[in-house]
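Single-letter residue listing:
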Amino acid sequence: MIERASSYHFVLTSCLFALLFHRHHALLPETCVSSDILSSKECCPVASGTTEQCGGPGRGRCEDLQVQVMDVTDGFDGDTERFQWPTTFFNRTCHCFGNFAGADCGKCKFGWTGPDCDVQKQRIRRNILEMDQDDVDKFKLYLQLAKDTVSDYMIPTTLYQDMDDGRNPQFNEINVYDEFAWYHYYVARQNLVQTTTNNTNIAVFADFAHKGPAFLTWHRAYLLTWERALQEVSGDDDFTIPYWDWAGEDNCTVCTDEYLGGSDATNNHTLTGFFEEWRTLCADFGNLTDRGQLCTNNVNDSSLPFLTRNPGGDDRPELQKLPSKEAVYYALSVRDYDNIPHDYDNLQNDWKQSHCSFRNLLEGFADSEYRTGHHVGAVGGASQLHNSVHLYMNGTMSLVPTSANDPMFLVHHANVDRIFEKWLRRYNASPDAFPTDSTPTGHNRYSYMVPFFPVYTNDEFFQRSEHFGYTYEGIDDQGLPLDPNERAQELMAVDQMEKCEPLSTSAEDPSLGKQSYWSD
Ligand SMILES: [Cu+2]
């Protein structure tokens, strides 16, 4: 504890400048949530250091938003804000020129820097197990700094329909870490829907970031935005999120106090080490959904539960271990990014089956351990690769709405993004590979990703990482390991994999058992 307090103090003083001048980053910019601006439906702020909206003629212009795909809302009234993101709030926003970016065009696009955003900057995301302890500690300190810094974005505390058309704004401040934890809750939260048969309310999934093609692009944009927020709060422009390569590991090698904390078996598997006092926002998401309310937790609320983790503690044997390297190789052997029918039908509340789809394999609803490539399970769904790592943690990480409260989320998802990057390089994939047909809401190539503001479409993030100014340690231009042994192993394995054959009928593969979806 003493060590933590003193090193934390060091970062605090050395970053005072950053703290004072970069109040940073969940949902909408603080400057746009006044009643006047909300009612006008135009969010075109003046960037700091400039005098005109959107930075003026050299930087950007306030324009009507070009909505390429308007997602349906039938059956989900009351949640137009997610289904028609972001037009329920704003239909005029800054259109930034060149490499300028941000809600006010006061920032640079990912991968660019300098006052005119014309200097390229490449960063390397590193393997956390190969970092020295000082750098691991720095990562943890920056996360604490984010917890202690108020964001300049705000989160809504009610649905828009209760804001009297913008005249009665209801938003809360949030700290930078929780902003991102809340984002993840919000994008995947359930809706309360009235059934037509007997007028009862049921909670229905409406997930704009999972169970469909947007899974990998959404999380790529999310990590990039989060990484930048950590750079801003720390003033460390070189910071990158480390990754944890879990494939083939016997146990959770980062679940120690040197890394992301052990867990205390005598105290409900709460964490030990640096994050032992961290609490879980939105842990009561189920009750909130039933009451038709949004999570508005404040981390200072001492009634919120601590983070928990019990690696390998799930009752189901298949979730007591981490995914194999072969399962990752199998996913990489599949060339199709995604296949119709894409997973989940929000409106029908119905599971479909996407077979032989790289996205579905890496997300973990299709089978890679037995190499069938087929979607596993119906309403229950499957839990392999990405999903199984969440469930393996058996705690805060194992539920979609709470998972991002645990910093483990970052190192896990950086690894998922790394595998996505290996696939993009291997097949030299272009954004045309991203589906435009029969996608769940929010998962179209041209959907605006919920709840990013300024807006991003999925196709923008279906590009190699260098485009966004980062790469991963240890892989080459084709996404192959630089280590000669690993490289030989991967090449041989991926080449020898039998090609995935789609099922001829719509029936599930009966040879595979059903498991609960990781977020249940
Ligand atoms: Cu997620």
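Please read all numbers here as calculations on a predicted model, not as lab measurements.

Draft legend 1. Region of interest: the overall build of the protein chain. The helix and strand inventory of the protein chain stands at 13 helices and 18 strands. Counting the 520 residues in the protein chain, one finds 49% classified as buried.

Draft legend 2. Quick look at the sheet that holds strand β2 (residues 42-43). The 3 strands lie next to each other as β2-β4-β3, forming an open sheet whose pairing is mixed. Looking at which strands have only one partner, the edges of the open sheet turn out to be β2 and β3 (60-64). The pairing of β2 with strand β4 (residues 92-96) spans 2 bridges and is parallel. Paired with E42 across the strands is R92, a residue of β4.

Draft legend 3. Here's a closer look at the packing of helix α5 (residues 133-147) against helix α7 (residues 214-234). Contact geometry of α5 with α7 gives a least axis separation of 9 Å together with a crossing angle of 85°. With respect to each other, α5 and α7 are oriented roughly perpendicular. Contact residues: Y142, L145 and A146 in α5; A229, L230, V233 and S234 in α7. Of the residues in the contact of α5 with α7, the class split is 6 nonpolar, 1 polar and no charged.

Draft legend 4. Local environment of the environment of K321. Mapped onto the fold, K321 is located in the loop between α8 (285-290) and α9 (325-333). The sequence separation of K321 and G248 amounts to 73 residues, and the corresponding C-alpha distance is 9.0 Å.

Draft legend 5. Structural view of the confidence of the model for the protein chain. Per-residue confidence for the protein chain gives a mean pLDDT of 87; residues scoring 70 or more make up 86%. Taken together, the stretch residues 1-26 has pLDDT below 50 and engages in 40 contacts with residues farther than four places along the chain or on a different chain. Low pLDDT (under 50) marks residues 505-520, which in the prediction has 30 contacts with non-local residues, meaning those over four places away or in another chain.

Draft legend 6. Quick look at unusual backbone geometry. Across the junction of V450 and P451, the peptide omega takes the value -10°, indicating a cis bond. For the peptide bond that leads from F453 to P454, omega is 5°, which places it in the cis range. In this structure, C54 takes a positive phi of about 55° despite not being glycine. Mapping C54 onto the fold places it in the loop between β2 and β3. Given 26 C-beta atoms within a 10 Å radius, C54 is considered buried. At C282, a position not held by glycine, the phi torsion is positive, near 65°. Counting through the fold element by element, C282 comes out in the loop between β15 (270-271) and α8. Taking the number of C-beta atoms within 10 Å as the measure of exposure, C282 has 24 and is therefore buried.

Draft legend 7. Highlighting the pairing of β4. In terms of strand pairing, β3 meets β4 through 5 bridges, oriented antiparallel. Following the sheet pairing, R61 is matched in β4 by H95.

Draft legend 8. Representation of the packing of α7 against helix α12 (residues 408-427). Their axes nearest at 10 Å, the elements α7 and α12 cross at an angle of 125°. Between α7 and α12, the angle falls in the class oblique. Once α7 is placed against α12, the crossing between them reads as left-handed. Contacts between α7 and α12 involve L216, H219, R220 and L223 on the former and, on the latter, H413, A414, V416, D417 and F420. Residue composition of the contact of α7 with α12, by class: 5 nonpolar, 2 polar and 2 charged.

Draft legend 9. Spotlight on the sheet that holds strand β11 (residues 171-172). Spatially, β1-β10-β11 is the arrangement adopted by the 3 strands of the open sheet, whose pairing is antiparallel. Unpaired on one side and paired on the other, β1 (28-29) and β11 mark the two borders of the sheet.

Draft legend 10. Layout of the nonpolar core. Counting 127 residues, the largest nonpolar core has A146, W182, A331 and V411 as the members making the most contacts within it. In terms of residue count, the dominant contributor to this core is α7 (12 residues).

Draft legend 11. Fine view of helix α11 (residues 385-392). Burial runs high along α11: 8 of the 8 residues are buried. Among the residues of α11, those classed as buried are L385, H386, N387, S388, V389, H390, L391 and Y392. Tucked inside the fold, the buried residues of α11 contact α9, α10 (358-363) and α12. Positive phi shows up at N394, right after α11, with a value of about 45°.

Draft legend 12. Fine view of the environment of V46. Within the secondary structure, V46 sits in the loop between β2 and β3. Between the C-alpha atom of V46 and that of A103, which follows or precedes it by 57 residues, the distance is 9.3 Å. Sequence-distant contacts of V46, defined by excluding residues within four places in its chain, comprise T51, E52, Q53 and D104.

Cut-offs used in this document
- Residues numbered from 1 in each chain as written.
- Predicted model: local features only at pLDDT ≥ 70, side-chain atom pairs only at ≥ 80, totals over all residues.
- Helix = DSSP H or I, 4+ residues; strand = E, 2+ residues; numbered from the N terminus.
- Buried ≥ 20, exposed ≤ 12 C-beta atoms within 10 Å, placed from the backbone.
- Pairing = 2+ DSSP bridges.
- Axes fitted to C-alpha atoms, helices over the stretch in contact; angles between N-to-C directions.
- Parallel < 35°, antiparallel > 145°, perpendicular 65-115°, else oblique.
- Contact = placed C-beta atoms within 7 Å.
- Nonpolar A, V, L, I, M, F, W, Y, C, P; charged D, E, K, R; others polar.
- pLDDT = per-residue confidence, 0-100.
- Left-handed = near helix turned anticlockwise from the far one by under 90°.
- Core = buried A, V, L, I, M, F, W, Y, C linked by C-beta atoms within 7 Å.

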